[in-house]
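# Descriptive structure summary
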Amino acid sequence: MAPVLVLVESAEGSPADVSLQALTLARSFAGGEPLEVLQIDPDPGAAENLGDYGVVSAHIADHEGIGSFGPDAWAATVIQLADGISAGAVFAAATDRGNDIMARVGARLGLPVAVNCIAISAGSPITLTRQRWGGSLLEEALLHSPRPLVTVALHTVVIERVAGSKQVEVLHSRADVNERDLRVRPAEHVAAPSGGVSLAEAKVVVSGGRGVGSKEGFAIIEELAGLLGAAVGCSRVVTSAGWRPHTDQVGQTGTKIAPDLYIACGISGATQHMAGCKGAKRILAINSDAEAPIMLNADYAVVGDLKEILPAISAEIRKAR
Ligand SMILES: Cc1cc2nc3c(=O)[nH]c(=O)nc-3n(C[C@H](O)[C@H](O)[C@H](O)COP(=O)(O)OP(=O)(O)OC[C@H]3O[C@@H](n4cnc5c(N)ncnc54)[C@H](O)[C@@H]3O)c2cc1C
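Predicted model only: the values in this text are computed from it and were never measured.

One open sheet accounts for five strands, arranged β13-β12-β14-β15-β16; its pairing is parallel. The open sheet has two edge strands with one neighbour each: β13 (231-234) and β16 (300-303). With strand direction ignored, the average angle separating the axes of adjacent strands in the sheet is 20°. Bridging between strand β12 (residues 204-208) and strand β14 (residues 261-265) involves five bridges; their strand directions are parallel. Bridge pairing links V206 to I263 in β14. Most of the contacts of helix α4 (residues 219-228) go to β12, to which it runs at about 175°, and overall it touches β12, β13 and β14.

Turning our attention to the site of the ligand. In the region of the ligand, 26 residues are neighbours, and G209, G211, R236, G251 and S268 sit closest. Secondary-structure elements contributing two or more residues to the shell around the ligand are α5 (236-240), α6 (271-277), β15 (282-287) and α8 (306-320). The leading source of residues in the shell around the ligand is α6, at three residues. Class assignment of the residues belonging to the shell around the ligand gives a composition of six nonpolar, 15 polar and five charged.

Right, let's talk about the domain arrangement of the protein chain for a bit. Entries for the protein chain in the domain assignment read domain 1 (4-174) and domain 2 (204-320). Look at where the C-alpha atoms of domain 1 and domain 2 centre, and you get two points 32 Å apart. Of the residues lining the interface, five residues belong to domain 1; the matching set on domain 2 comes to eight residues. For the side of domain 1 that touches domain 2, a count of residues per class yields one nonpolar, four polar and no charged.

Here we take up unusual backbone geometry. Residues S124 and P125 are joined by a peptide bond in cis, for which omega reads 0°. The residue P125 is located in the loop between β7 (113-121) and β8 (126-132) in this model. Residue S86 is not a glycine yet carries a positive backbone phi of 50°. At H155, a residue that is not glycine, the phi angle is positive and equals roughly 60°. Mapped onto the elements of the fold, H155 is located in the loop between β10 (149-152) and β11 (169-174). The class of H155 is buried, set by 20 C-beta atoms lying within 10 Å.

This brings us to α4. The set of residues buried in α4 consists of I220, I221, L224 and A225. Looking straight down α4, one finds its buried side chains confined to an arc of 140°; they lie on one side. Contacts from the buried residues of α4 go to β12, β13, β14 and α8. Positive phi appears at G229, one or two residues downstream of α4, with a value of about 65°.

A few words on the environment of L149. Following the sequence through the fold, L149 ends up in strand β10. Classification of L149 by C-beta neighbours within 10 Å gives buried; the count is 23. Here the alpha-carbon distance between L149 and A114, two residues 35 residues apart in the chain, equals 6.2 Å. With residues up to four places along the chain from it excluded, the contact list for L149 reads V90, M102, V105, G106, L111, V113 and A114.

Looking now at the sheet that holds β7. The mixed open sheet is built from nine strands, whose spatial order is β9-β8-β7-β10-β6-β1-β4-β5-β11. Of all strands in the sheet, those bounded by a partner on one side alone are β9 (137-143) and β11. Geometrically, the sheet is characterised by an average inter-axis angle of 35° between neighbouring strands, direction not taken into account. Bridge count for strand β1 (residues 4-8) against strand β6 (residues 89-93) is four bridges, and the pairing is parallel. Following the sheet pairing, L5 is matched in β6 by V90. The sheet strands contacting helix α1 (residues 17-30) are β1, β4 (35-39), β5 (55-62), β6, β7 and β10, and the helix crosses β6 at an angle near 155°.

Parameters at a glance
Residues numbered from 1 in each chain as written. Predicted model: local features only at pLDDT ≥ 70, side-chain atom pairs only at ≥ 80, totals over all residues. Pairing = 2+ DSSP bridges. Helix = DSSP H or I, 4+ residues; strand = E, 2+ residues; numbered from the N terminus. Axes fitted to C-alpha atoms, helices over the stretch in contact; angles between N-to-C directions. Contact = placed C-beta atoms within 7 Å. Near = placed C-beta within 6 Å. Nonpolar A, V, L, I, M, F, W, Y, C, P; charged D, E, K, R; others polar. Domains from an automatic or database assignment. Buried ≥ 20, exposed ≤ 12 C-beta atoms within 10 Å, placed from the backbone. Arc of directions from axis to C-beta.

Structure follows, in structure tokens:
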């Protein structure tokens, strides 16, 4: 088999956990064949520890216009590199960006893309399991493709390191992209309003739903999140009402998260919301309704009015410090 190429995204200068999960699944698929990555982050330092995950070479595409987002430019770059190293398969994390780029790679090559995979075995045909319907259904599928294009469902694979890590070779090459490839590209980067803690990567998330009652009501959610160094999340009702930006939404049509602790306040626990937070190690639900569906998934529950409970928790944390 030929090398397996993995598209790697970064978070705060290091490879994102979701990309390390994709690398882990790609390595098991590669079965000992070389693992090479294409880094979206142009900083060679981000590749430093990739040897721990079995990577032999990290490629950095140099082009002043390409930036961190530009799905057609990245699709063109993935294809050039995959052809250049004769990659047998291409993997990426199933982030919005990963799925967007891989869909364009598939369209350009006329090849199928298997998205949201949680398991995959090499063979002819390839067998795989992938999430459908926001993770509420698992599909067993056969993939017939000369070059499998795969995205790995977020937070479904346990990151594994290799024994005896090797030095990663960092290789720069000029990305050959044209004006057409650069038609969709970032015009401006707007920092997340939650003060830098990324929702997707946060270890603690404090989230609010319709029960919070208003945009201003989120002050007590933000206060607790600030004390815990947590990210703020919310349900779709909240984003639809304009109380919070869509970037804060957790769920099937929002961000999929896997924090150590998810504190869900005034959220009923609809299937589409749970699709985004079921990767959480622990869920604490604060809800006035003891029969709310989220109680079935919660590890801890407080039944009561969040407007009383949240300030009380924050006050206790302050007292303890
Ligand atoms: C195709 C599709 C995709 C969707 N994608 C998403 C998604 O990505 N994310 C998402 O969240 N939803 C999504 N939804 C919407 C989802 O079905 C629910 O409508 C939504 O999650 C409900 O939000 P909620 O829990 O905030 O509101 P509600 O269901 O109205 O629940 C409010 C909860 O607050 C509690 N409450 C009220 N007052 C208080 C109080 N003072 N103190 C404590 N508790 C209180 C109530 O008991 C209730 O349990 C999607 C729907 C569809 C059809």
